[in-house]
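The chain contents come next:
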Amino acid sequence: MTAANPRIDSAPQIAVERVDTCAVCGADSFSWAADGFDYELRTCRNHWTFVRCSECGHLWLNPRPAVAELATIYPATYYAYTYRDSVNPVALRAKDFLDQRKLSKIIGALPQMPQSFLDIGCGDGRFLKLMAGRGVARTACYGLELDENAVRPLAAAGYSVYCERVEDTTSIPDGSIALATMFHVIEHVDDPGAVLARLAPWLSPSGVLALETPNIDSLDRRLFSNGYWGGYHIPRHWNLFSRGTITRLLERCGFEVMDIEFKTGHSFWMYSIHHRILYGRPSLPRVAALFDPLRSVVPLAAFTTFDLARARLGARTSSMLVLAKRRGM
């Protein structure tokens, strides 16, 4: 199968590796769930497939990019690294408001204001800066990030940040973290169970993990399930969860789920429509550009409002925020 757009066809073919066991339950029986291309960044021309576990329903990319290809699929222009420069200023202010609101709600669920903080996948450090603004010492604001260019200025500013993977780092003392956050990170890793198991001992006895990840049991995923769904983020999302599978994985790794709240999936809605219009038939680039979530403010506001209303009515939107603590604490 070839891509439907010459801009994808001209990208390189990259190396892959097969993953034939489920990261949640370990089963080795699965079936096709969706397929597509790197619609967002067009870093490669590979045709990618998501499979569904026959036992628990977990979705994962199989095959997925080889580890040696990470620099290809996460180029220096990746939006997480250039966030402040990539997003429309109006959307940026709205995002900052929503981030502040999200953080306030998480902190409100804790027994007291945390005096230590860890953000896994800290990017440009926006959550580290928000926590420092709430009184947490910069040296007690830890961050892990794989981009050295992002880590360097944060370290110079006094934050305890490290260019290391969760699975490899020895920089976080056990029992030292009152609040750990993983906002849209767990879906990017090859072995989410290993990440969660490594993270668990870092939490203090009253410590909490706040984990946000796409939800496959959502309206937009069902409408665009064939491959255009923005939450697939092909080929950078390697594991995709439902409420049931993320709960099962956390419990397997020593956590107890305290709460699951469904958040807005506005960018997933917009990327879904964008991909369908740009890569479907007929291809309409100018119309598709109206649904670029980094630049198009009006539809972004509309889908944010739509999902906020749906979430208040009890709908399971396409982003879920999970609060968990170590079991027995």
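Preceding this section is the structure that the text describes.
Every chain is numbered independently, its residues counted from 1 as its sequence is written. For this predicted model, a pLDDT threshold of at least 70 governs which residues receive local features, and a threshold of 80 or more governs which side-chain atom pairs are given and counted, while totals over whole chains, interfaces and linings are taken from all residues. Only heavy atoms go into the side-chain values, all of them from the structure, while hydrogens and water stay out.

Participant: Hey, could you go over the sheet that holds strand E11 (residues 239–240) for me, with residue numbers and the actual values?
Facilitator: The criterion for strand pairing is that DSSP finds at least two bridges linking the strands in question. Runs of E in the DSSP output that reach at least two residues are strands. Runs of H or I that reach at least four are helices, and both are numbered from the N terminus. Read from one edge to the other, the open sheet built from four strands follows the order E2-E3-E4-E11, with strand pairing classed as antiparallel. Each of the sheet's edge strands pairs with one partner strand only, and the pair in question is strand E2 (30–36) and E11. Across two bridges, strand E4 (residues 59–61) lies against E11 in antiparallel orientation. Bridge pairing in E11 places Leu59 opposite Leu240.

Participant: Break down unusual backbone geometry for me, citing the residues and quoting the values.
Facilitator: The linkage connecting Asn62 with the following residue, Pro63, adopts the cis geometry, with an omega of 0°. A cis geometry characterises the amide bond from Ile234 onward to Pro235, with omega recorded as -5°. Following the sequence through the fold, Pro235 ends up in the loop between helix H8 (219–223) and E11. Its identity is not glycine, yet Arg42 carries a phi of approximately 55°, on the positive side. Inspection of the secondary structure assignment puts Arg42 in the loop between E2 and strand E3 (48–53). With a phi angle near 55°, His184 is a residue other than glycine that sits in the positive phi range.

Participant: Give a description of the nonpolar core that names residues and reports values.
Facilitator: To define a nonpolar core, start from buried Ala, Val, Leu, Ile, Met, Phe, Trp, Tyr and Cys residues and group those joined through side-chain atoms within 4.5 Å. Here's how the labels work: a residue is buried when its accessible area is under 20% of the maximum for its type, exposed when over 50%, partly exposed in between, all with a 1.4 Å probe on protein chains only. Within the largest apolar cluster, 39 residues are counted, with the highest numbers of intra-cluster contacts made by Leu118, Met182, Leu196, Leu199, Leu209 and Phe255. Residue contacts for Phe255: discarding those within four places in its chain leaves Leu196, Leu199, Ala200, Leu203, Leu209, Leu250, Ala324, Lys325, Arg326 and Arg327. Contacts are residue-level and defined by heavy atoms, with any inter-residue pair within 4.5 Å sufficient.

Participant: Would you mind going over the sheet that holds strand E10 (residues 203–214) in detail, with residue names and values included?
Facilitator: Paired through their backbone hydrogen bonds, the strands of a sheet run either parallel or antiparallel. Spatial strand order, E8-E7-E6-E9-E10-E13-E12: seven strands in an open sheet with mixed pairing. Here the strands that pair on one side only, and so sit at the sheet edges, are strand E8 (160–162) and strand E12 (255–263). Across the sheet, the mean angle from the axis of one strand to that of its neighbour is 15°, orientation sign disregarded. Two elements, strand E6 (residues 117–120) and strand E9 (residues 177–183), share three bridges in a ladder whose sense is parallel. Residue pairing for E9: Leu118 is matched across the bridge by Ala180. Every axis in this analysis is a line fitted to C-alpha atoms, fitted for helices over the stretch in contact. Angles between the N-to-C directions lie between 0 and 180 degrees.

Participant: Go over helix H6 (residues 148–156), please, and point to the residues and values.
Facilitator: Of all the residues in H6, the buried ones are Ala150, Val151 and Leu154. Mapping the buried residues of H6 onto a view down its axis gives an arc of 90°, with all of them on the same face. Residues of H6 that are exposed and point over 90 degrees away from its buried face: Glu148, Asn149 and Ala156. Just downstream of H6, Gly158 is the residue with a positive phi angle, here 100°. The directions considered for the arc are those from the helix axis to the C-beta atoms.

Participant: Summarise the side chain of Glu40; cite the residues concerned and give the values.
Facilitator: Along the chain, Glu40 falls in the loop between E2 and E3. The charged side chain of Glu40 is buried without a salt bridge, its nearest counter-charge being Arg236 at 5.0 Å. A polar side-chain atom of Glu40 sits 3.0 Å from a polar atom in the side chain of His233. Apart from residues lying up to four places away in sequence, Glu40 is in contact with Gly230, His233, Arg236, Tyr271 and His275. Positive charges come from Lys and Arg, negative ones from Asp and Glu, while His and the chain ends are left out of the count. What makes a salt bridge here is a side-chain nitrogen of Lys or Arg within 4 Å of a carboxyl oxygen of Asp or Glu, nothing more. Side-chain atoms alone can form a polar contact between residues adjacent in sequence; in general such a contact is a pair of N or O atoms within 3.5 Å, and within protein one must be able to donate a hydrogen while the other accepts it.

Participant: Go over the packing of helix H10 (residues 266–279) against helix H12 (residues 297–312) with me, naming the residues and quoting the values.
Facilitator: Two numbers describe how H10 lies on H12: the axes approach to 8 Å, and their chain directions differ by 125°. Taken together, H10 and H12 sit at an angle that is classed as oblique. The element H10 and its partner H12 pack so that their crossing is right-handed. Side by side, H10 and H12 meet where His266, Trp269, Met270 and Ile273 of the first sit next to Pro299, Leu300, Phe303, Thr304, Phe306, Asp307 and Arg310 of the second. In this classification, Asp, Glu, Lys and Arg are treated as charged, Ala, Val, Leu, Ile, Met, Phe, Trp, Tyr, Cys and Pro as nonpolar, and every other residue, Gly included, as polar. Looking at the contact of H10 with H12, its residues break down into seven nonpolar, two polar and two charged. Any angle from 65 to 115 degrees is called roughly perpendicular, while one under 35 is roughly parallel, one over 145 is roughly antiparallel, and all others are oblique. Should the near helix be turned anticlockwise from the far one by less than a right angle, the crossing is termed left-handed; should it be turned clockwise, right-handed.

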